[in-house]
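Each chain, letter by letter, is given below.
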Number of protein chains: 2
Amino acid sequence: MIDMTRRDVMAAAGGLATVTLVGGAAHAADPGRKLGYAIVGLGNYGANVIIPQFKNCRNSRLVALVSGDPAKAKRIAAEHGVPERSIYNYQNYDSIRDNPDIDIVYVCLPNSMHAEYTIRAAKAGKHVMCEKPMAVSVSECQAMIAACKQAGKKLMIGYRVHFEPTNLEAIRLAESGAIGKRRYVRSEHGFVQTNPEAWRLKKALAGGGSLMDMGVYSLQAARYMTGEEPVSVYAHETTDRRDPRFREVEDMIEWQLEFPSGVIASCISMYSANQNHILLMGEKGRIEMEPATRYEGNHLWTGKDGREQEITSLPPGPRSTQFAGQLDHLSECILSNREPIVSGEEGLRDMRIVEAIYRSAREKRRIAL
Amino acid sequence: MIDMTRRDVMAAAGGLATVTLVGGAAHAADPGRKLGYAIVGLGNYGANVIIPQFKNCRNSRLVALVSGDPAKAKRIAAEHGVPERSIYNYQNYDSIRDNPDIDIVYVCLPNSMHAEYTIRAAKAGKHVMCEKPMAVSVSECQAMIAACKQAGKKLMIGYRVHFEPTNLEAIRLAESGAIGKRRYVRSEHGFVQTNPEAWRLKKALAGGGSLMDMGVYSLQAARYMTGEEPVSVYAHETTDRRDPRFREVEDMIEWQLEFPSGVIASCISMYSANQNHILLMGEKGRIEMEPATRYEGNHLWTGKDGREQEITSLPPGPRSTQFAGQLDHLSECILSNREPIVSGEEGLRDMRIVEAIYRSAREKRRIAL
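Rules used throughout
- Residues numbered from 1 in each chain as written.
- Chains lettered and ligands numbered in written order.
- Predicted model: local features only at pLDDT ≥ 70, side-chain atom pairs only at ≥ 80, totals over all residues.
- Buried ≥ 20, exposed ≤ 12 C-beta atoms within 10 Å, placed from the backbone.
- Helix = DSSP H or I, 4+ residues; strand = E, 2+ residues; numbered from the N terminus.
- Pairing = 2+ DSSP bridges.
- Right-handed = clockwise from strand over helix to strand, strands pointing away.
- Contact = placed C-beta atoms within 7 Å.
- Axes fitted to C-alpha atoms, helices over the stretch in contact; angles between N-to-C directions.

Examining the pairing of strand β4 (residues 104-107) of chain A
Residue and element names in this part refer to chain A.
Right, so step 1: Of the two faces of β4, the one carrying I104 and Y106 and the one carrying V105 and V107 are both buried.
Right, so step 2: Relative to β4, strand β1 (residues 35-40) runs parallel, the two being bridged by four bridges. Paired with I39 across the strands is Y106, a residue of β4.
Right, so step 3: Sheet topology note: the β4/strand β5 (residues 127-130) ladder contains four bridges and is parallel. Paired with V107 across the strands is C130, a residue of β5.
Right, so step 4: Following the chain from β4 across helix α5 (residues 114-123) to the adjacent parallel β5, one finds a crossover that is right-handed.

Some words on unusual backbone geometry
Right, so step 1: Residue A:P133 is reached from A:K132 by a cis peptide bond, and omega for that bond is -10°.
Right, so step 2: Notably, B:N337 is not glycine yet its phi reads approximately 50°, a positive angle.
Right, so step 3: Within the fold, B:N337 resides in the loop between α10 (322-336) and α11 (344-363).
Right, so step 4: Here B:K364, not a glycine, exhibits a phi torsion of approximately 55°, which is positive.
Right, so step 5: Among the structural elements, B:K364 can be located in the loop between α11 and β15 (367-368).

A word on the sheet that holds strand β12 (residues 285-289) of chain B
All names here are of chain B.
Right, so step 1: Spatially, β14-β13-β12-β11-β7-β10-β9-β8-β15 is the arrangement adopted by the nine strands of the open sheet, whose pairing is mixed. Lying at the two open borders of the sheet, with one neighbouring strand each, are β14 (309-310) and β15.
Right, so step 2: Summarising the sheet, strand β7 (residues 182-192) and strand β11 (residues 272-282) pair through nine bridges and their orientation is antiparallel. Directly across from V185, in β11, lies its bridge partner L280.
Right, so step 3: Sitting on the sheet, helix α7 (residues 165-176) is in contact with β7, β11, β12 and β13 (300-303), with an inclination near 165° to β12.
Right, so step 4: Together, β7, β9 (252-258), β10 (264-270) and β11 form the strand contacts of helix α9 (residues 215-226), whose direction differs from that of β7 by roughly 160°.

Concerning the sheet that holds β4(A)
All names here are of chain A.
Right, so step 1: Reading across the sheet, the six strands line up as β3-β2-β1-β4-β5-β6 and stay open at both edges, with parallel pairing between neighbours. Lying at the two open borders of the sheet, with one neighbouring strand each, are β3 (87-88) and β6 (155-157).
Right, so step 2: Taken strand by strand, α5 contacts β1, β4, β5 and β6, and its axis lies near 165° from that of β5.

Structure, rendered in structure tokens:
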């Protein structure tokens, strides 16, 4: 049925023979086509954040659901016009290969399930959007990249901030030289975890604590605000293991990154305080966002010596929301056979640093990257 | 003449015999008395910041000047009613011992001269206020403390922020439990050095770069906002040594402190970006100051999730300004024989950490304190 899907696409595009070009060259001829997404995992993020966003998409539509909760899946399917035949569970997941409506699988499962469900999706002949963090280890990331490559399918990581207008404008300003030579970036992300039973606090599901969750935003910001790759890390973790929330995973972890140009990044993530902040200092001033990476309501300031000017008039983003921008980006990459700007390799880069952060905290020493 | 001074004081107080109690018990009987300050060093801070503050003092007055620039000293003396006989230079400095008007010497010299001029003041029978950083090494700090102890004189470090109402209210709020358990403090201080010839950029005078200057504010804040002493430090320095400003001293240095309770501090100082910021995160919210430690115009916010409430109505400080509060505090400690809240030991504590920060940056490893 993989071939069947491919054949359909090729037929629509006039029958290009080269398999690796199928998605791109073929669909480029039909840019108005909406690619079909299957959402895997109907937790809060998948069900309440992502699914309602398809109405804002130009090239993406919801066509299938994968859930362990049949009643919930049936309700959501009815609400969003997904046919009952396109509801799957974790037992019959692999049979998505037989559903030509599904072009892309969006993995919204707990972190430790990302690798398995991404690889199975690729083997089923589907492109994959995988939520961040990409996986819980470097080796899993590598296996995911290899599986998608072998299947000739795109892999994109759900780094929605790359489609968020406030952050895009901040990056543009940083690259424009508006604040002179970049010297220092700080990125802090945290919230107060209140439910000790949350899957994000279970090592087997989350792979780690705040670093695997909010920390990925801090790390990403350090990289996209500097435009550089770090050369070393030093990290310190502080967790009250007597706290029932933190028996299995870390609460707070702070790390410092050195970049080749001499820029320093100071990053933190935590589950015991609310913080959502990105600051870039340059020789001539600052670029600051607070909140920086929320679903909405982010704020951006510039200033020589403080928050002097709020930037409220942002250039229009690629879509009406960061979520729609993200969903459509993968669709467009498939239609035009481009690599997503936040590819599996991008997720792998972060995971290498995440592993080094944990190692540094464990060994209490600087780790060269 | 030391004895002479002492005798005068003792006579005024009714002739208490115990030498170590002289300053305290004696002057306590005359709380309205203004102690006489000699300002050593008529650079910008001494001449333009400190000297104009005596008019706001209750227990302190300007009585003498020490300067290498006779014309400047004469002009300032005339402006502030200091008699010509009380103008000294660095050659006849030790003869301040013969001037009974001088109770306290305020050392406003470049950092590397702090130890020498403090020790000579103590040997001349004078109490000492020494500008921050206390000195350029732990051993110098120890020698200064020993000299003052041996002379039976008070030693206070010019940590003006301990008399600054915004910071005092921030500390009060932190200690009140208003933001719950303290988790994370960040303190950043820097400005753009523009003059490559500034003494602060000369190793022999400054002892170091931004850490010795603005970094002391960041370090102090980490300690007073947590109320704890750090147990380890990791630091990273980044300096463009090709920049003519930074041939001798560091530009930017970032360090992480671990505290016994699990609180983390992230601190930075720099000479290549403007920043003046202190943030304390707790489980229930934040206390934030920006600017935090300026001479005036500091701002304080609290909030659960951002800068929600600006605290504009501050409890009155001990004096009309942080500078007057600092000057009068030492006078009052002498009059009532109490130890200053920012004693030589406090300066020494910071210098031990400063040395560890430099060592950590040099050796690229965590240093236990």
